[in-house]
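# Descriptive structure summary
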Amino acid sequence: MFLNLLRSSGNLTQISQIHAQIIVNGLALHTQFLSKLIELQSVDYARAVFNQLPSPTDYSWNSMIRLYTVNGFPQHSLSLYSEMLKKDHKPSNFTYPSLFKACSTRSSIEKGKQIHAHVVKFGFQYDLFVNNSLIDMYCKCSCMKSAQVVLDEMPESDEVSWNSIISGYVRVGEIEKARVLFGEVPVKRNVVCWTSLINGHGRKGKLNEMFRLFLQMLVSGDDVEPNSTTMVCLLSACSSPSDCKLGNWVSLFIDVNQIPVTTILSTALIDMNSRCGDLDKAQRLFDGLSGKNLVSWNAIITGYVQTARFEEAVRLFDLMQTHSVKPNEITVVNVLSACSGLGALELGKRLHIYLGRNGLDLNVIVAAALVDMYTKCGRVTDACLVFVKTPNKDVALYNTMILGLAYNGHGSESLAVLAEMERNGTRPNDMTFLGVLSGCNHSGLAEEGRYMFSDMVKKYGLSPKIEHYSCMVDLLGRAGYLYEAFELIQNMEISPDSFIWSSLLSSCRIHRNIELADEIAAVIMSSQNPNSGSCILLSNIYASVGRWKDVIRMRKLVKEKGDKKPLGVSWIELNGSVHKFVVEDVQHLQSKEIYEIHKFLTDQLKAEGYVPTFDCVSS
DNA sequence: ATAGGGTTAG
């Protein structure tokens, strides 16, 4: 009778009345009753009700333990279990599944092992549900050996046992082991089983094999229908723009087969479309999503950040908060990255404060985003503070710091950070050296740069990419080692691009070496397709020595190519809002005043004797 | 009453 009343009851008054009756009659506390209390109130309220029970039954203890676990309070679940034992209340086979779920993190595995011993002590080691939850716990803690022992020793296993262990091997990346078990499954392979294996291949980037398995599943004798989760796995594997076609095929499959589009599936579709660069489609999906959650907001914000549409990203971030969705670490990392792109220091600082105030995890990824933001906004000291305080630094964080120091002109400090990372046993990679070399370049440390370049190859066995060569050519060229730079280009195992030649030409101009410029010109002109940048540089060099015929020849070449450079854009943040400026643009509300002040400043400079150089500017 | 697969960050 009470149960039916509970099912239909909607508000707390009714619940309380039923509750009173239950207590009067000395009945056990029912899960559905407690669940309803949580729905209307909180776990604390449910606990208060539990505490009032004169003599809680098995049922009541198990329900309360379970509620703590499913509502995200695993530690409470465990301490209630201790209390239960202290009060000499015997656990039942129903007690353990939620306890093992509560121990499904790496940090709680020791506790889980202890409770595993209780299972044996109380004689539940043959219970299917208990063993299945044990397998799941060991898998979630990456203890595959223990999980395998439980599976091998249980008297009978079912689909759930095998699905758990297969997904466990997928989780730890042992895809081959997962495949072997998949082939040995003694029970029916259902959609969960197939989906786990499909997911495993997707996560390893084996897209061909993944789709082959998917098609195999459709025609297999297992009579399995793919569902939303299967689609999510397929979509999340299509992570690079080259997988666009596959992603769209999955999209179409969902439509044609009317797979239910859950919030998670919709989020995966948003993510896939933004990775393919179709932000409009992603935005439309997002707009149409009724159950937007934190992850969906993060997915769309990520889309805008990764296509460099920073202003839109920040706008969505503000909008998200007006919808009372609280940002997490992932949100903050993305918006910080937008701040780096915009130079939005004020917003960046607010995010830094937000992280601390809300107890978010300052992990290495967050730290790198902060360091990047501060250095791109010119706040090297603030970046260093974050960097120094971060434990367990990884190579990417080191690289961010080194590069940040580099383009702020702190070359020797970036060398010091490299030395520190070597002391800490973090192996530098090619990005590290790009940072260090560019630091040497920006600070004119030619000798150190040369030394680092040779270390990179000889000490670490890294093969330089075109970016490293460009940096070295620029470094040597600026320092006047023009022929060394020229030789470096000629000895590269990669073919030089136009930027590297432009860089050397620019050095020839600085050091007024016409001979080498002529030599380079010969190389460039005989090659494929000289770019207009190089031609402009050459024309400037010829102009400086009065070789007007050559100037005209170069200008003609540039005109013929007629390629347009993208307009230069700059941003400035003022009182927390970002202002954007494009060359010659009059979009800004105060553009008239801005140009007036600009003219005033230019006039002042000229009055002080400033003469703008136009020899680098052309056409 | 108890168990299994999935989405977002450098």
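Small disclaimer: the values here were computed from a predicted structure and weren't measured. (Residues numbered from 1 in each chain as written. Chains lettered and ligands numbered in written order. Predicted model: local features only at pLDDT ≥ 70, side-chain atom pairs only at ≥ 80, totals over all residues. Heavy atoms only, no water.)

### Comments concerning the overall build of chain A
- A count of helices and strands for chain A gives 35 helices and two strands.
- Within chain A, buried positions represent 44% of all 619 residues. (Helix = DSSP H or I, 4+ residues; strand = E, 2+ residues; numbered from the N terminus. Buried < 20%, exposed > 50% of the residue type's maximum accessible area, 1.4 Å probe, protein only.)

### A closer look at the protein's contact with DNA strand B
- Neighbouring DNA strand B are 48 residues, the closest being Asn132, Asn163, Asn190, Asn298 and Gln306.
- The biggest single contributor to the surface near DNA strand B is helix H15 (residues 228-237), with six residues.
- The residue makeup of the surface near DNA strand B, split by class, is 17 nonpolar, 22 polar and nine charged. (Near = heavy atom within 4 Å. Nonpolar A, V, L, I, M, F, W, Y, C, P; charged D, E, K, R; others polar.)

### Thoughts on the state of the cysteines
- Considering all chains together, one arrives at one disulfide under this definition.
- The structure places no disulfide on Cys139, whose sulfur is separated from the nearest cysteine sulfur, that of Cys141, by 9.2 Å.
- Unpaired in this structure, Cys339 has its nearest cysteine sulfur neighbour in Cys377, at a distance of 7.0 Å. (Disulfide = S-S within 2.5 Å.)

### Here we look at the layout of surface pockets
- Computed from the structure, the second largest pocket encloses a volume of approximately 530 Å³.
- Lining the second largest pocket are 24 residues, and of these Val295, Asn298, Ala299, Thr302 and Ile330 sit closest to its centre.
- Contributing elements (two or more residues each) for the lining of the second largest pocket: H15, helix H17 (263-275), helix H19 (294-306) and helix H21 (329-342).
- When grouped by side-chain class, the residues that make up the lining of the second largest pocket number 10 nonpolar, 11 polar and three charged. (1 Å grid on protein atoms, 1.4 Å probe; cavity = no way out; pocket = protein on both sides within 12 Å on 5 of 7 lines; lining within 4 Å. Points joined across faces, edges and corners; volume = space filled by probe spheres on them.)

### A few points about the packing of aromatic side chains
- All chains considered together, the criterion is met by 14 aromatic pairs.
- Between the aromatic rings of Phe387 and Tyr398, the centroid separation amounts to 5.7 Å while the plane-to-plane angle is 75 degrees, which identifies the pairing as edge-to-face. Placement of Phe387 in helix H24 (residues 380-389) and of Tyr398 in helix H25 (residues 395-407) is noted, with a sequence separation of 11 residues between them.
- We classify Phe387 as buried; its relative accessible area is 5%.
- Chaining the aromatic ring pairs together yields one cluster made of Tyr81, Tyr96, Phe100 and Phe124.
- Positioned above the aromatic ring of Phe387 is the side chain of Lys393, whose terminal nitrogen or guanidinium carbon lies 5.1 Å from the ring centre.
- Cation over ring: Arg450 sits above Tyr481, and NZ or CZ is 4.4 Å from the ring centre. (Phe/Tyr/Trp six-rings, centres within 6.5 Å; stacked < 30°, edge-to-face > 60°. Lys NZ or Arg CZ within 6 Å of the ring centre and 35° of its normal.)

### Quick notes on the pattern of salt bridges
- Under the criterion given, the structure shown has 18 salt bridges.
- Close ionic contact of Glu110 with Lys113 constitutes a salt bridge, the shortest N to O distance being 3.8 Å. Residue Glu110 and its partner Lys113 are located together in helix H8 (residues 109-121), separated by three residues, close to a single helical turn.
- The closest approach of N and O atoms between Glu422 and Lys459, which form a salt bridge, is 3.3 Å. With Glu422 in helix H26 (residues 411-423) and Lys459 in the loop between helix H28 (446-458) and helix H29 (466-478), this pair connects stretches of sequence that are 37 residues apart.
- On the basis of relative accessible area, Glu422 is assigned to the partly exposed category, the value being 27%.
- Sharing partners across several salt bridges, the network here consists of Arg47, Glu83 and Lys87. (Salt bridge = Lys/Arg side-chain N within 4 Å of Asp/Glu carboxyl O.)

### Concerning the environment of Thr307
- Locating Thr307 in the fold gives a position in the loop between H19 and helix H20 (310-322).
- Distance from Thr307 to Leu279, taken between C-alpha atoms, is 8.4 Å for residues 28 residues apart in sequence.
- A distance of 2.8 Å separates a polar atom in the side chain of Thr307 from the backbone oxygen of Gly303. (Polar contact = N/O pair within 3.5 Å; in protein donor to acceptor, adjacent residues only side chain to side chain.)

### Examining unusual backbone geometry
- The phi angle at Ser142 is positive, at roughly 60 degrees, despite the residue not being glycine.
- As for its placement among the helices and strands, Ser142 is situated in the loop between helix H9 (128-140) and helix H10 (144-153).
- Non-glycine residue Ser324 carries a positive phi angle of around 60 degrees.
- In this structure, Ser324 sits in the loop between H20 and H21.

### With respect to the nonpolar core
- Membership of the largest hydrophobic core comes to 96 residues, with the highest contact counts inside it found for Ile301, Leu504 and Ile520.
- In terms of residue count, helix H23 (residues 364-376) provides more of this core than any other element does, eight residues in total.
- If we ignore the near neighbours within four places in the chain, the residues touching Ile520 are Phe486, Trp501, Leu504, Leu505 and Cys508.
- Residues Leu80, Tyr96, Ile135 and Leu151 belong to the second largest nonpolar core, which totals 70 residues. (Core = buried A, V, L, I, M, F, W, Y, C linked by side-chain atoms within 4.5 Å. Contact = heavy atoms within 4.5 Å.)

### Examining the UniProt feature "repeat: PPR" (unreviewed entry) in chain A
- UniProt tags residues 57-91, 158-188, 190-224, 293-327 and 394-428 as "repeat: PPR" (unreviewed entry).
- Secondary structure within residues 57-91 divides into 74% helix and 0% strand; the distance between the first and last C-alpha atoms comes to 10 Å.
- End C-alpha atoms of residues 190-224 are separated by 6 Å, and the span's content is 74% helix alongside 0% strand. (UniProt positions renumbered as here; feature names shortened; annotations may be inferred.)

### Overview of the packing of helix H5 (residues 58-70) against helix H6 (residues 74-86)
- Two elements in contact, H5 and H6, have axes separated by 7 Å at closest approach and are oriented at 160 degrees. Classified by the interaxial angle, the pair formed by H5 and H6 is roughly antiparallel. Seen from above, H5 lies across H6 with left-handed handedness. For the pair H5 and H6, contact is made by Trp61, Asn62, Met64, Ile65, Tyr68 and Thr69 and by Pro74, His76, Ser77, Leu80, Tyr81, Glu83 and Met84, respectively. (Axes fitted to C-alpha atoms, helices over the stretch in contact; angles between N-to-C directions. Parallel < 35°, antiparallel > 145°, perpendicular 65-115°, else oblique. Left-handed = near helix turned anticlockwise from the far one by under 90°.)

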